[in-house]
Every structure is written in structure tokens, then in C-alpha cells.
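Working through the structure, step by step
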Amino acid sequence: DGRVVGVSLGGATRRCDAAIVATGGLSYPKTGSDGDGYRFAEAAGIAVTELKASLVPIVTKENFSALSGLSLKNVVLKVTKKDTESGDEKEKKEKKGKSKNTEKIVFSELGEMLFTHFGVSGPLVLSASSHMTDGDIGDYEMSLDLKPALSPEELDARLLSDFKKYSKKDFINSLDDLLPQKLIETVVSLSGIPPRIKVNSVTKEMRASLNSVLKNFPITPLRTRKIDEAIVTCGGVAASELYPKTMECRKVEGLYFAGEVIDADAYTGGYNLQIAYSTGVLAGEAAAERCLEEK
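First things first, this report covers the structure right here in the doc. (Residues numbered from 1 in each chain as written. Predicted model: local features only at pLDDT ≥ 70, side-chain atom pairs only at ≥ 80, totals over all residues. Heavy atoms only, no water.)

1. Topic: the pairing of strand E6 (residues 71-81)
Note: E6 against strand E7 (residues 104-115), nine bridges, orientation antiparallel. Its bridge partner lying in E7, Val 75 is registered against Gly 111. Pairing analysis gives six bridges linking E6 to strand E9 (residues 140-145), with the strands arranged antiparallel. Residue pairing for E9: Thr 80 is matched across the bridge by Glu 141. (Pairing = 2+ DSSP bridges. Helix = DSSP H or I, 4+ residues; strand = E, 2+ residues; numbered from the N terminus.)

The structure is reproduced here in C-alpha cells:
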């Protein structure tokens, strides 16, 4: 009659007045977290929202295998969502004088990231991935500001200073003071500047191209890694199905949910652990009170 009476375990039933489902999401399946909690909820008629990977590494179009293992600190990762309006929609807006650039920045943050054999990872990338769930990942563009402390003008002055210092060297051998050794060849290739040109022959236009790469290092996302590599699962038991002060299900008396099985996720930095601890306390105390009342 819409209330918990027990838990079935391998054919046997343990009678109880309250049950807490704290089975985790789909992430880290080796721990036993394989989505059971979602099946339990759906079997009881409880809504479960779409399940996606969150805080997850990203596979890129670019082959960064030569940079694998390179960690960058104090860089800014920016993610923009491209204009996905159809040609007809754009034409209508232009006729009405309402046409505008609908590309928008969905994430921009200073921090640390990591190149891998498949693409990119690290704290910045994991956080950015949680902002790339609306539509197809191909709708997004990513770029790195490798020198966020310097404006384009200040960076140009820095380049001039380094080029003066290494004026007789090949261009590819003049960037040791500016970039990690592992990154130099990739940056030189993106700049379009001949690697063996002498530094004193680098033109103003070439320098501007290098400046652009350093301030907008391009990264093209293709897809996220599988959900079992994600730190957390986005989606789950709909929060609207639960009483927020107790985590008890509104439809099934005595049934509680806690932790990642609930549709609640956040950035890295302990926030998801906090969600687990806080909902666990609420569910645990409420379930204990229910059992004492039944006794």
C-alpha cells in the first residue's frame, strides 16, 4: 500500500520499516556501482532523469599523443557553444533586423589541465565537461590561453624580448623560456612559422600568428570518454520525487535515496562528496526516526 515492508535479498526477504538506497551512479562500476539504484527506483514508479557522464575527460580531434602526460598550470580554458541556428532562422532574423552572433561562452576558468593519448583531462577539462551536455558535443569549441597573465600587447613585448635574446637561433629553439619543451613543436606547427627560420627573420605578421596561438590554442572536442571513466553521473532519481528535508520518496513511504543515485552533481573539489554526506545524514536520521516511531 505504498510503503516499505522489507528488502528482497537473493530470494529471502528481510523485513524492515525503512530502506535507504545509496548504491551510487554508473561511474566507477568496479566498486559495484552499476546502476542498480536506478532500476530499483523505476520499478517503484519513481522518475529517473537521463543519465550522462559528468566531470569526464574529453576525446579530441587533434592527436595530442606527443603531448601525453604534459600538465599545464595557470592556463585559462574557454568553452564556447557554436551558433546552431538553421540558415532559414538566420535569414528571418536578418530581415527583421534581429540577427546577432549567438555564439556564447559557457565556461572560462583559470587552473590546471592535462594532455593525454586520447585528448585532454585534468581539473579544468573535467569541470568544463559538465557545461557541455546541452546538445551534441560537436556544438562546442575549446581553446586555451597559455599566457593569461599577459595581454596580447604585453605578450608581443615578451616575444620581442625573447627574440632579441635568441636572434641568431632557429625559431623552434627560441621558445624555451616561454613554453614547456614538450609543447614547443605543436605551437610552432600551429603558428605556421617555418621552424628553422632564423629568429631575426621572423616578421611582425609571423609574430602576430604566434601570439594568436598562445592566446587561443585550439582544441576540438569529439566526444567524452565512457561514463565508467567519469567522476560522477549526471542525472538519476529526480529530486522532485523526494522530500528535501528527509530524502524520503514522496510516492513510497519509508523509502529513502542518498548520494550519487540522486539527480544532483557538482564540480570537482569535494562538492560531490558533500552531496553524498549531506543526503546520507538526512536519509539516515529520518529512517532511524521512522523505525523508532514504528517500535
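Right, picking up where we left off after that structure.
2. What to know about the nonpolar core
Phe 115, Leu 144, Leu 146, Leu 183 and Phe 217 are the most contacted members of the largest nonpolar core, which has 42 residues in total. Of all elements in the fold, only E6, E7, helix H3 (123-129), E9, helix H4 (152-165), helix H5 (181-191), helix H6 (204-215) and strand E10 (217-219) reach the threshold of two or more residues within this core. Residues in contact with Phe 115, not counting those within four places in the same chain, are Phe 64, Leu 67, Ser 68, Gly 69, Leu 70, Leu 72, Val 120, Leu 144, Leu 183 and Phe 217. Counting 21 residues, the second-largest nonpolar core is a separate cluster that includes Ala 41, Met 247, Ala 286 and Ala 287. (Core = buried A, V, L, I, M, F, W, Y, C linked by side-chain atoms within 4.5 Å. Buried < 20%, exposed > 50% of the residue type's maximum accessible area, 1.4 Å probe, protein only. Contact = heavy atoms within 4.5 Å.)

3. As for the layout of surface pockets
Rolled over the atoms, a probe with the dimensions of a water molecule shows which regions are left empty. Considered as a void within the structure, the largest pocket measures approximately 360 Å³ in volume. In terms of lining, the largest pocket is formed by 22 residues, of which the most central are Ile 231, Val 232, Glu 260, Asn 272 and Leu 273. Within the residue set of the lining of the largest pocket, elements represented by two or more residues are strand E12 (232-234) and helix H7 (271-294). Of all the elements, H7 adds the most residues to the lining of the largest pocket, at five residues. Here the residues of the lining of the largest pocket are counted per class, giving nine nonpolar, 11 polar and two charged. If you add up the space inside the second largest pocket, you get close to 230 Å³. For the second largest pocket, the full set of lining residues is Val 4, Gly 6, Val 7, Ala 19, Ile 20, Val 21, Phe 40, Ala 41, Ala 44, Leu 255 and Phe 257. For the lining of the second largest pocket, the elements supplying multiple residues, two or more each, are strand E1 (6-9), strand E3 (19-21), helix H1 (36-43) and strand E13 (255-257). (1 Å grid on protein atoms, 1.4 Å probe; cavity = no way out; pocket = protein on both sides within 12 Å on 5 of 7 lines; lining within 4 Å. Points joined across faces, edges and corners; volume = space filled by probe spheres on them. Nonpolar A, V, L, I, M, F, W, Y, C, P; charged D, E, K, R; others polar.)

4. Brief notes about the sheet that holds E10
Taken together, seven strands build an open sheet; the order of strands is E10-E9-E6-E7-E8-E5-E11 and the sheet is antiparallel. The open sheet is flanked by E10 and strand E11 (221-224), the only strands paired with a single partner. If you compare each strand with its neighbour and ignore which way they point, the axes differ by 40 degrees on average. As paired strands, strand E5 (residues 58-60) and E11 are joined by three bridges and run antiparallel to one another. Note on E11: the bridge partner recorded for Val 59 is Arg 223. Together, E6, E7 and E10 form the strand contacts of H5, whose direction differs from that of E10 by roughly 95 degrees. H6 contacts E9 and E10 of the sheet and is inclined by roughly 110 degrees relative to E9. (Axes fitted to C-alpha atoms, helices over the stretch in contact; angles between N-to-C directions.)

5. What to know about unusual backbone geometry
Across the chain, the bulk of peptide bonds are trans and the bulk of non-glycine residues have phi less than zero. Non-glycine residue Asn 74 carries a positive phi angle of around 55 degrees. Mapped onto the secondary structure, Asn 74 falls in strand E6. A positive phi angle is found at Met 247, which is not glycine, with a value near 65 degrees. For Met 247, a relative accessible area of 9% puts it in the buried group.

6. So, H7
Each α-helix winds once per 3.6 residues, and so residues spaced three or four apart point in a common direction. The terminal C-alpha atoms of H7, which comprises 24 residues, lie 35 Å apart, in line with the 34 Å expected from a rise of 1.5 Å per residue. All of the buried residues in H7 are Asn 272, Ile 275, Thr 279, Ala 283, Ala 286, Ala 287 and Arg 290. (Expected span 1.5 Å × (residues − 1).)

7. So, the environment of Lys 61
Tracing the backbone shows Lys 61 in the loop between E5 and E6. Remark: the alpha-carbon pair of Lys 61 and Gly 192, spanning 131 residues in sequence, is separated by 19 Å. Other than its neighbours up to four places away in sequence, Lys 61 contacts Thr 220 and Leu 222.

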